[in-house]
Amino acid sequence: MKISVYNSLTKKVEELVPVKENEIKMYSCGPTVYNHAHIGNMRSFLFADLVQRILRVVGKYDVNWVMNITDIDDKTIRDSAKNSPVWHSDMGEQTDEPKENLKKLTEYYQDLFLEDIGKLGIDVEHFYALPCATDFIDEMQELIRNIYKNGYAYISEGSVYFDVNKWRKDDVYGKLFKIDFDNFRAGARVDSDEYEKENASDFVLWKSMKENEPFWDFEIDGKSCPGRPGWHIECSAMEYELFGLTFDIHTGGIDLKFPHHEDEIAQSKAGYGIEPTKYWLHNEFLEVEGEKMSKSAGNFFTLRDLETKGLDPLDIRFSMLSAHYSTKFNFTFQGIESSKKARKRVQDFIYDLLESDNMEGELLDVEKVKNTIFEELSNDFHTPKALAGLFGLINSTNPKALAANSRNELLALLNDLNHIFAVWDFGTRPVEIIDIPEEITELAAKRWQAKADRNFQLADELRKEIDSKGYIIKDTKTEYEIIKK
Ligand code: AMP
Ligand code: ZN
């Protein structure tokens, strides 16, 4: 089935036409591994996972999915610095070698990240690569030399900057994001990795070495400029090395449109002479009480925080996937609770189908339902409408009354959908273990004794008392069973 996507570059919904038939190359901006990712970050990774799954299941594409790991930037350097207050013993001992400390901190958080996304059902096995930025320093340097050679970069005090004004004479800066050039500060430079659109100016490609920070040797235009890469150049170089340009899809959170992705486009075009990707896909924020969840606002939960509160990661996954990626997602505990119920509703329906053994029965046009649901998914990944279709079907179908043919077709459809949503089980229904309170087991034992004593009046009274407390007793000749109503 054809897939259409909202492309942030053209600001239109377009039919996806891959560079190479039947194949999709997709690059997702991954985590900065200086701390636990919060569930706002997770929304962007869940979105990327959803896209690649829909492309496989509905679009029948071969998908090569890359998610990079940002293991060098302002934050990883800050938190791995000698005597950093956030360093702890699980990362090992700090040394006098900044590069080693950086590696210890980032590897520690990368492992935890992989654990977290695994729990969230993100398709870790399908990654084509999970490249770390520090493994591509030579390639970044090569790109920076190219940009410089092509006249779009300059060196200042050992750092290299992208010359935005020069670039604007030949191309567009502001393809994804409208930048107000009336107040553009020509020649002003910004060194930090993240900055606001009001501060748009020449951005850093390579930062000169600072005391006690990791650095790599770098030769450019006959000058020695030891230092480290800026954040934006990392993605440009890795995409080129892993995919070649132009590849198909680039994903990320909406905050990455500027400056990260805008700068990525300028760098790739200025250095390699070609646009990085055809389709830019951005997910909206996850919010808490109307504000973006972020570390700096302090309003964040990690997956671990939520697990400690008893939430199931798959309910969190289902809850996020139930909303359309282009709308703000308001995180509430109540919201997760409703998703838990909705997920269970589908799960019980699946178990009912699996347990039913009718040969004859009602017939269902499963092909028609499948087409409607897949149609919604192919239309810019519209999961809410697809799920509405699924619940409509569940509400109007008695799983135990279906004929074998329809039942098997329906199970196959649900199985396909589970390759996308990945939150349901197709095994046997687990036995629900309910703890019966001691008070009830004592009353039941007394009643059994009363029956043995042929004191049927007392036995009857006890049965009523047990009943009023929400339990039923089922007897056989030799034993009894307590059931919660
Ligand atoms: P970072 O680890 O900060 O580089 O962010 C990783 C990804 O999370 C990026 O794609 C961000 O755009 C995304 N992101 C950060 N905060 C949120 C949020 N509150 N809601 C959705 N996506 C977010
Ligand atoms: Zn990136």
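Student: Hey, could you go over the packing of helix α4 (residues 137-149) against helix α7 (residues 257-272) for me, with residue numbers and the actual values?
Tutor: At their nearest, the axes of α4 and α7 sit 7 Å apart, and the two run at 70° to each other. Compared by their axis directions, α4 and α7 come out roughly perpendicular. Here α4 contributes L143, N146 and I147 to the contact with α7, which in turn contributes Q267, A270, G271 and Y272. Taken together, the residues of the contact of α4 with α7 break down into four nonpolar, three polar and no charged.

Student: Requested: an account of helix α15 (residues 456-468), with residues and values cited.
Tutor: Quick reminder: α-helices carry 3.6 residues per turn. Residues three or four places apart thus point the same way. Taking 1.5 Å per residue as the helical rise, α15 with its 13 residues ought to reach 18 Å, and the 18 Å between its terminal C-alpha atoms agrees with that figure. Of the positions making up α15, those classed as buried are A459, L462 and I466. Buried residues of α15, seen end-on, are gathered within an arc of 65° and therefore sit on one face of the element. Exposed residues on α15 whose side chains face more than 90 degrees from its buried face are Q457, K464 and S468.

Student: Please give an account of the packing of helix α9 (residues 313-321) against helix α10 (residues 333-355) that cites residues and values.
Tutor: Axis separation between α9 and α10 bottoms out at 8 Å; the angle between their running directions is 95°. In terms of orientation, α9 lies roughly perpendicular with respect to α10. Counting all contacts with α9, which are made through L314, D315, I316, F318 and S319, the residues of α10 involved are I336, S339, K340, A342 and R343. Across the contact of α9 with α10, the residue classes break down as five nonpolar, two polar and three charged.

Student: Can you explain the sheet that holds strand β4 (residues 62-67)? Please cite residues and give values.
Tutor: Strands sit in the order β5-β4-β3-β13-β14 across an open sheet of five strands; the sheet is parallel. Among the strands making up the open sheet, the edge pair consists of β5 (127-129) and β14 (277-283). Sheet twist, expressed as the average angle between the axes of neighbouring strands with direction ignored, equals 30°. Of the strand pairs in this sheet, strand β3 (residues 23-28) and strand β13 (residues 247-253) are connected by three bridges, and their pairing is parallel. The residue of β13 that forms the bridge with Y27 is H250. On top of the sheet, helix α1 (residues 39-57) reaches β3, β4, β13 and β14; it is set at about 165° to β4, its chief contact.

Student: So what's going on with the site of ligand 1? Which residues, and what values?
Tutor: Among the 18 residues in the neighbourhood of ligand 1, the closest are listed as T32, G253, D255, L286 and M293. Between ligand 1 and the protein, one listed contact pairs an oxygen atom with a side-chain N or O atom of N41 at 3.2 Å. Note that an oxygen atom of ligand 1 is positioned 2.4 Å from one of the side-chain N or O atoms of D255. In isolation ligand 1 offers 500 Å² of accessible surface; the protein chains occlude 91% of this area. Sorting the residues of the shell around ligand 1 by element identifies α1 and β13 as the ones contributing at least two each. At four residues, the largest contribution of residues to the shell around ligand 1 is made by α1. Considering only residue class, the shell around ligand 1 consists of six nonpolar, nine polar and three charged.

Student: Give a description of the packing of aromatic side chains that names residues and reports values.
Tutor: Going through the model one piece at a time under the given rule, you end up with 26 aromatic pairs. Plain terms: the ring middles of W206 and F218 are 4.7 Å apart, the flat faces sit at 55° to each other, and that makes the pair tilted. In this pair, W206 sits in strand β9 (residues 202-208) while F218 sits in the loop between β9 and β10 (219-220), placing the two residues 12 residues apart along the sequence. Each member of the pair, W206 as well as F218, carries the same accessibility label: buried. Look at F243 and F247: their rings are 5.3 Å apart centre to centre, the planes differ by 45°, and that puts the pair in the tilted class. Each member of the pair, F243 as well as F247, carries the same accessibility label: buried. Three or more aromatic residues joined by ring pairs form one cluster here, namely Y152, F162, W167, Y173, F181 and F203. Looking at K166, its charged tip hangs above the ring of Y152, at a distance of 5.1 Å from the centre. One cation-aromatic arrangement involves R168 over F181; the distance from NZ or CZ to the ring centre is 3.4 Å.

Student: I'd like a rundown of the coordination of the zinc ion (ligand 2), residues and numbers included.
Tutor: Distances from the zinc ion (ligand 2) to its protein donors, C29 (SG), C235 (SG) and H260 (NE2), fall within 2.1 to 2.2 Å. Between consecutive donors of the zinc ion (ligand 2), the numbers of intervening residues give the motif C-x205-C-x24-H. With C29 in the loop between β3 and α1 and H260 in helix α7, the pair connects residues that are 231 residues apart, well separated along the chain. C29 gets classed as buried once you look at its relative accessible area, which sits at 8%.

Basis of the calculations
Every chain is numbered on its own, with residues counted from 1 as its sequence reads. Key to labels: chains lettered from A, ligands numbered from 1, both in the order written. The predicted origin of the model limits local features to residues at a pLDDT of at least 70 and limits the giving and counting of side-chain atom pairs to 80 or more, whereas totals for whole chains, interfaces and linings rest on all residues. Here the side-chain values reflect all heavy atoms present in the structure, with hydrogen atoms and water set aside. Note on geometry: axes are lines fitted to C-alpha atoms, helical ones only across the stretch in contact, with angles between N-to-C directions running from 0 to 180 degrees. The helix count covers DSSP runs of H or I at least four residues long, the strand count covers runs of E at least two residues long, and both are numbered beginning at the N terminus. Roughly parallel refers to an angle under 35 degrees, roughly antiparallel to one over 145, roughly perpendicular to one between 65 and 115, and oblique to any angle outside these ranges. The contact criterion used is simple: two residues touch if any of their non-hydrogen atoms lie within 4.5 Å. Residues are grouped as follows: Ala, Val, Leu, Ile, Met, Phe, Trp, Tyr, Cys and Pro are nonpolar; Asp, Glu, Lys and Arg are charged; every other residue, Gly included, is polar. One less than the number of residues in a helix, times 1.5 Å, gives the span that helix is expected to have. Here's how the labels work: a residue is buried when its accessible area is under 20% of the maximum for its type, exposed when over 50%, partly exposed in between, all with a 1.4 Å probe on protein chains only. Working definition: the arc comes from the directions between the helix axis and the C-beta atoms, pointing outward to the latter. Here the rule is simple: two strands pair whenever DSSP picks up at least two bridges between them. Any residue with a heavy atom positioned within 4 Å of a molecule or strand is treated as near that molecule or strand. Any pair of nitrogen or oxygen atoms within 3.5 Å is treated as a polar contact; in protein, a donor-acceptor pairing is required on top of that, and neighbouring residues in sequence qualify only through side-chain atoms on both sides. Accessible areas in this description were obtained via Shrake-Rupley with a 1.4 Å probe; residue shielding takes into account the shown protein chains only. Working definition: rings of Phe, Tyr and Trp (its six-membered ring) pair if their centres are within 6.5 Å, and the pair is stacked with planes under 30 degrees apart, edge-to-face with planes over 60 apart, and tilted otherwise. Only when the NZ of Lys or the CZ of Arg is both within 6 Å of the ring centre and within 35 degrees of the ring normal is a charge said to sit over the ring. For Na, K and Ca the donor cutoff is 3.2 Å, while for all other metals N, O and S atoms count as donors only within 2.8 Å; water does not appear among the atoms, so some sites may look incomplete.

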